[in-house]
Amino acid sequence: MGTGLFVGAFIALSVAAVLLLGLLSVRRLRLLRTERELARAADRLRGVAAALVMDGERPPALSTEDAELLARVLWDFSRQITGSGREEIAEYFEEVGLVDRQLAILASGAAWRRAQAAFVLGDACSARAIPALVEHLRDPDTAVRSAATRSLGRLRATEAAGGIVDAMADRRIPLALACGILIEIGAGGVPEITALLVHTDPRSRSTGVQLLGLLGSAADADRLRPLLTDPDGSVRAQACLALSRLAAGDIGETLRARLSDADPLVRAAAAEALGELQDEDALDDLLHMAAVDVFDPARAAASASARIDPEALLAAATGLDAGQHIAEAATRVWAARQ
Amino acid sequence: MILALSILIPIVIIMYLVINAVYLAGALLASRELRDVGRALKRSVEREAFVSPLTPGVSILVPCRNEEVAIRDTVHSLLALRYPRFEILVLDGGSTDRTRERLIEEFALVPAWRAMRDTVPTGPVGPFYVSTRYPNLWLVCKPDAGKAEGLNVGINTALYPYVATVDGDALLEEGALLGIVQPLLADPDEVIGSGGMVRAVNGSVVEHGRVVEVRFPKQIVAAIQIEEYLRTLLLMRTSLSGLNALMIISGAFGLFRRDLIEEAGGYFTKTAADDVEIVMHLQRLAREQGRRTRIVFMPEPVCWTEVPDSLKTLLVQRRRWHRGIAEAIWRHRRVLFRPRYGRLGFIALPYLLLELLGPPIELLAWAVVILSVLAGVLSPTSLFFLGVSFMLNLVLALAALSMAEVDYRRHAAGGETVRMLGYVVLGIVGYRQLLSGACMVGLVDFLRGKRPYTQPTRRARD
């Protein structure tokens with residue numbers, strides 16, 4: 001029986017090895033052919049793509065393979081350009097039916113196909129895809145939701161900001177991706193982001209504050225001030241940073257008060273914010289904090305001191321009780337001057 | 001003796017075949033996983049991650065000792081990384097060559113002060129240097145420190161919430177850090193670490209830390225490892241990652257949450273496999289605290305590293321690695337087959353145990369077959385065993401090559417694949433058995449409590 005088993009296994013494995021060798025050879029040959037074709041067609045098709053994007057010149061009749069290659073070149077282009085060139089790309093893809101085909105695939109049963117279609121629609125530049133992409137922010141598959149989010153960013157879909165904010169708050173899409181996309185969409189998404197400031201989940205409030213600090217204007221500062229006393233430390237910390245970015249009026253005193261917050265995260269953020277504002281009135285407090293506080297706030301306070309008054313920091317570093325953070329910050333100042 | 005052999009032959013052969021069957025099953029799982037990863041890579045959101053303010057900063061820890069040949073290229077490759085916020089901490093564990101001088105000259109380093117936490121005990125540290133040209137590049141010296149101690153110094157010094165570990169002779173591709181951070185960005189609550197693909201740089205053309213042309217090394221020993229790395233990393237780590245049972249993130253290129261390493265008490269300094277031990281420790285802690293976690297292997301961000309180019313250094317390296325795996329398993333032995341630890345106790349650690357016991361069993365199988373020939377009791381079964389054993393290894397190697405060929409290829413088109421096939425055969429006959437011997441010695445070292453220190457030797461790059 002043992003021998004029979006081994007004979008069977010040997011034959012099965014030999015067949016598998018032959019099949020794998022065949023697969024390897026076929027893949028290798030196909031890859032070689034594709035690479036050669038790509039190299040041959042790339043220059044020509046790049047020229048065709050450039051003519052379309054810059055002059056609106058429609059491509060000549062192309063073989064199916066060349067049309068596919070041109071689509072890839074245009075997707076690459078669309079990631080690098082803004083303005084009328086994207087409209088030309090959108091018109092071309094509408095004309096050749098790519099947008100309709102991809103929209104149809106969005107209804108596919110296979111999640112990877114839906115994800116791929118959602119991704120391609122972002123590069124196809126057609127605003128007609130926006131409603132379908134927004135709908136797929138609720139797709140059961142994470143990859144599809146992420147691809148739809150990314151494409152809505154590529155399409156600068158201001159009208160999708162609400163959907164993205166909701167999906168982010170419900171943790172349906174990755175936070176970092178959502179934030180990157182909302183930044184890509186820009187100030188048009190600020191009203192929806194503002195809604196996050198009163199969200200029950202501290203993480204959502206914190207993200208909302210952070211985004212408002214990046215995309216808002218000085219006029220939004222009044223919305224942020226109350227969050228300096230939010231029950232959650234990460235929200236208070238982000239509020240300090242956001243207010244310093246918006247450079248809103250006389251915020252220095254309010255931020256200085258946060259240097260004595262119970263949460264080290266908030267103290268560190270307040271120190272960083274005061275450094276950003278170059279608030280000279282905070283210098284003594286910051287130098288003191290750099291010498292006596294726990295690691296992260298002390299390090300932030302020392303860095304902020306260096307930004308506000310490097311000479312004062314260098315002088316403080318000569319003191320016996322300066323501590324390791326002031327010494328490090330002084331080193332950084334000194335090294336930058338070499 | 002003949003009676004003993006007749007009993008031993010089927011037992012050893014069956015054990016050997018079971019081990020290889022597990023590898024085969026791993027290959028099948030990996031093929032599905034790699035297909036999915038390949039599709040996901042085509043929908044990369046790295047560009048969006050690059051501009052997102054929520055992409056976390058990363059402190060890159062580069063433990064090194066006597067790396068004067070490679071360290072400048074390593075640091076150049078790190079400085080060229082495309083990533084929004086990072087710092088590089090080169091952690092010199094008491095080099096006796098010109099590693100420190102090379103760094104000081106090349107990157108204009110000057111003496112500096114650097115604040116450190118005392119979260120992980122490390123003893124005295126210093127001196128520190130900072131680059132006047134690249135403010136995010138630091139050299140931290142800790143005399144007579146092993147790799148794990150160096151990493152602990154890095155943990156205490158790190159500025160950012162994530163730490164990446166990179167070997168002192170490794171080269172990262174420009175987008176490697178942004179690539180390896182993707183699983184953590186996609187699921188920051190669950191994913192606590194990730195590791196990238198490691199490939200042999202020997203023979204390739206390197207300019208200022210960039211691999212500009214991928215070539216095969218002249219030394220056969222190094223060339224065989226190219227296929228070996230593909231097989232072990234691309235097949236086995238991918239499949240284990242898919243099963244959420246990954247226990248090894250290569251020290252050459254891994255990324256972890258700093259706070260969790262601090263919670264684990266830092267890297268364990270009394271093992272030759274600190275990279276294996278830390279993954280086990282993090283996974284174990286998570287299960288004990290009732291947290292769902294994942295540690296992910298990514299086949300695409302590539303880290304290029306110098307592999308041993310002589311048989312002697314290779315065997316010494318494998319002996320050390322195997323001892324390290326034994327030490328790590330022993331330290332976390334209570335996890336084995338305990339329901340509380342779920343997959344960790346029933347898949348991940350048993351698999352590692354299989355890896356540990358595989359080489360001795362393989363050697364034993366070969367020894368039994370040879371003894372049978374000498375004793376004149378070699379049955380057709382044993383002969384077919386030899387055939388099956390060869391074919392199993394061939395199938396695994398071919399599977400790895402086939403999978404690598406499509407989405408994860410780095411070698412140039414042309415005769416490279418044919419050449420690789422030649423190395424596959426060489427790897428199966430002779431090479432693999434030699435490595436098993438070295439692993440066996442490593443296991444004996446562990447059992448005898450021996451911990452010989454070995455310094456990898458480096459050859460200047462072509």
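Just above, that's the structure.
Residues numbered from 1 in each chain as written. Chains lettered and ligands numbered in written order. Predicted model: local features only at pLDDT ≥ 70, side-chain atom pairs only at ≥ 80, totals over all residues. Heavy atoms only, no water.

Caption draft 1: Here's a closer look at the interface of chain A and chain B. If you look at the interface, chain A gives 52 residues, while chain B gives 54 residues. Summing the contributions of chain A and of chain B, the shared interface buries around 4,600 Å²; its carbon and sulfur component is 69%. Linking R114(B) and E328(A) is a salt bridge whose minimum nitrogen-to-oxygen distance equals 4.0 Å. For the side of chain A that touches chain B, the secondary structure elements donating two or more residues are α1 (2–55), α5 (111–123), α7 (142–154), α9 (175–185), α11 (202–215), α17 (295–308) and α19 (324–337) of chain A. Top element by residues in the side of chain A that touches chain B is α1(A). It accounts for 19 residues. Among the residues making up the side of chain A that touches chain B, the classes are represented as 29 nonpolar, 10 polar and 13 charged. (Contact = heavy atoms within 4.5 Å. Buried area = accessible area lost by both parts, 1.4 Å probe. Salt bridge = Lys/Arg side-chain N within 4 Å of Asp/Glu carboxyl O. Helix = DSSP H or I, 4+ residues; strand = E, 2+ residues; numbered from the N terminus. Nonpolar A, V, L, I, M, F, W, Y, C, P; charged D, E, K, R; others polar.)

Caption draft 2: Region of the structure containing the side chain of R39(B). Looking at the element boundaries, R39(B) is found in helix α1 (residues 2–41). We note that R39(B) is buried and unpaired, the nearest opposite charge coming from D36(B) at a distance of 4.0 Å. The contact partners of R39(B), leaving out residues within four places of it in the chain, are W112(A) and Q116(A). (Buried < 20%, exposed > 50% of the residue type's maximum accessible area, 1.4 Å probe, protein only. Lys, Arg positive; Asp, Glu negative; His and termini not counted.)

Caption draft 3: Fine view of the nonpolar core. One finds F93(A), I164(A), I60(B), V90(B) and L177(B) to be the most contacted residues of the largest nonpolar core, which totals 255 residues. Here this core takes 14 residues from helix α13 (residues 380–407) of chain B, the largest share from any one element. If near-sequence neighbours (up to four positions away) are discounted, F93(A) is found in contact with A71(A), L74(A), W75(A), L98(A), V99(A), D123(A) and A124(A). (Core = buried A, V, L, I, M, F, W, Y, C linked by side-chain atoms within 4.5 Å.)

Caption draft 4: Highlighting the packing of aromatic side chains. What the rule picks out here adds up to 7 aromatic pairs over all chains. Both rings, one in W75(A) and one in F93(A), keep their centres 6.4 Å apart while their planes meet at 40°; by these two values the pair is tilted. Of this pair, W75(A) sits in helix α2 (residues 64–78) while F93(A) sits in helix α3 (residues 84–95); the two residues are 18 residues apart in sequence, bridging distant segments of the chain. This pair shows no difference in class: W75(A) is buried, exactly as F93(A) is. Plain terms: the ring middles of W330(B) and F446(B) are 6.5 Å apart, the flat faces sit at 65° to each other, and that makes the pair edge-to-face. Placement of W330(B) in helix α11 (residues 311–331) and of F446(B) in helix α14 (residues 416–448) is noted, with a sequence separation of 116 residues between them. According to the relative accessible area criterion, F446(B) is partly exposed, its value standing at 22%. (Phe/Tyr/Trp six-rings, centres within 6.5 Å; stacked < 30°, edge-to-face > 60°.)

Caption draft 5: Region of interest: the pattern of salt bridges. All names here are of chain B. Inspection of the entire model under this criterion finds 49 salt bridges over all chains. Of the charged contacts, one joins R294 and D187 as a salt bridge, the two residues approaching to 3.4 Å between their closest N and O atoms. You can see R294 sitting in strand β12 (residues 294–305) and its partner D187 sitting in the loop between α7 (182–186) and β8 (191–200), a full 107 residues away along the chain. Owing to a relative accessible area of 29%, R294 belongs among the partly exposed residues under this scheme. Owing to a relative accessible area of 22%, D187 belongs among the partly exposed residues under this scheme.

Caption draft 6: Fine view of the packing of α5(A) against α7(A). All names here are of chain A. Where α5 contacts α7, the two axes come as close as 7 Å, and the packing angle between them is 5°. One finds that α5 runs roughly parallel with respect to α7. Judged by residue contacts, A111, R114, A115, A118, F119, L121, G122 and D123 of α5 engage A143, V144, A147, A148, R150, S151 and R154 from α7. For the contact of α5 with α7, a count of residues per class yields 9 nonpolar, 2 polar and 4 charged. (Axes fitted to C-alpha atoms, helices over the stretch in contact; angles between N-to-C directions. Parallel < 35°, antiparallel > 145°, perpendicular 65-115°, else oblique.)

Caption draft 7: Examining unusual backbone geometry more closely. All names here are of chain B. Of note, the bond from G126 into P127 is cis; its omega dihedral lies within 30 degrees of zero at 0°. Assignment of secondary structure puts P127 in the loop between β3 (109–112) and β4 (128–131). Although it is not a glycine, N66 sits at a positive phi angle of roughly 55°. Mapped onto the secondary structure, N66 falls in the loop between β1 (58–64) and α3 (71–79).

Caption draft 8: Looking closely at the pairing of β4(B). All names here are of chain B. Burial along β4 is two-sided: the residues F128 and V130 and Y129 and S131 are all buried. Sheet topology places β3 next to β4; 4 bridges connect them, and they run antiparallel. Its bridge partner being in β4, V110 is matched across the sheet by V130. Alignment of β4 against strand β5 (residues 137–141), held across 3 bridges, turns out to be antiparallel. Within β5, the residue paired with Y129 across the bridge is L139. Between β4 and β5, which follow one another and run antiparallel, lie 5 residues. (Pairing = 2+ DSSP bridges.)

Caption draft 9: View of the state of the cysteines. Residues and elements named next belong to chain B. Per the stated rule, a full pass over the model turns up 0 disulfides over all chains. Distance from the sulfur of C303, which forms no disulfide, to the nearest cysteine sulfur (C64) is 15 Å. A residue is classified by how much of its surface remains accessible, and C303, at 0% relative accessible area, is buried. (Disulfide = S-S within 2.5 Å.)

Caption draft 10: Quick look at the side chain of E327(B). Among the secondary structure elements, E327(B) is positioned in helix α11. Since its relative accessible area comes to 11%, E327(B) is described here as buried.

Caption draft 11: Expanded view of helix α16 (residues 283–292) of chain A. Residue and element names in this part refer to chain A. Among the residues making up α16, those that are buried are L283, L286, L287, M289 and A290. Buried residues of α16, seen end-on, are gathered within an arc of 160° and therefore sit on one face of the element. Residues of α16 that are exposed and point more than 90 degrees away from the buried face comprise D284, H288 and V292. The inward-facing, buried residues of α16 abut α15 (264–277), α17, α18 (310–317) and α19. (Arc of directions from axis to C-beta.)

Caption draft 12: Representation of the pairing of β1(B). All names here are of chain B. β1 sits mainly inside the fold: 7 of its 7 residues count as buried. Judged by which residues are buried, β1 turns out to be covered on both faces: V58, I60, V62 and C64 on one side and S59, L61 and P63 on the other are all buried. Both β1 and strand β2 (residues 86–92) contribute to a ladder of 7 bridges, which runs parallel. Paired with V58 across the bridge in β2 is F86.

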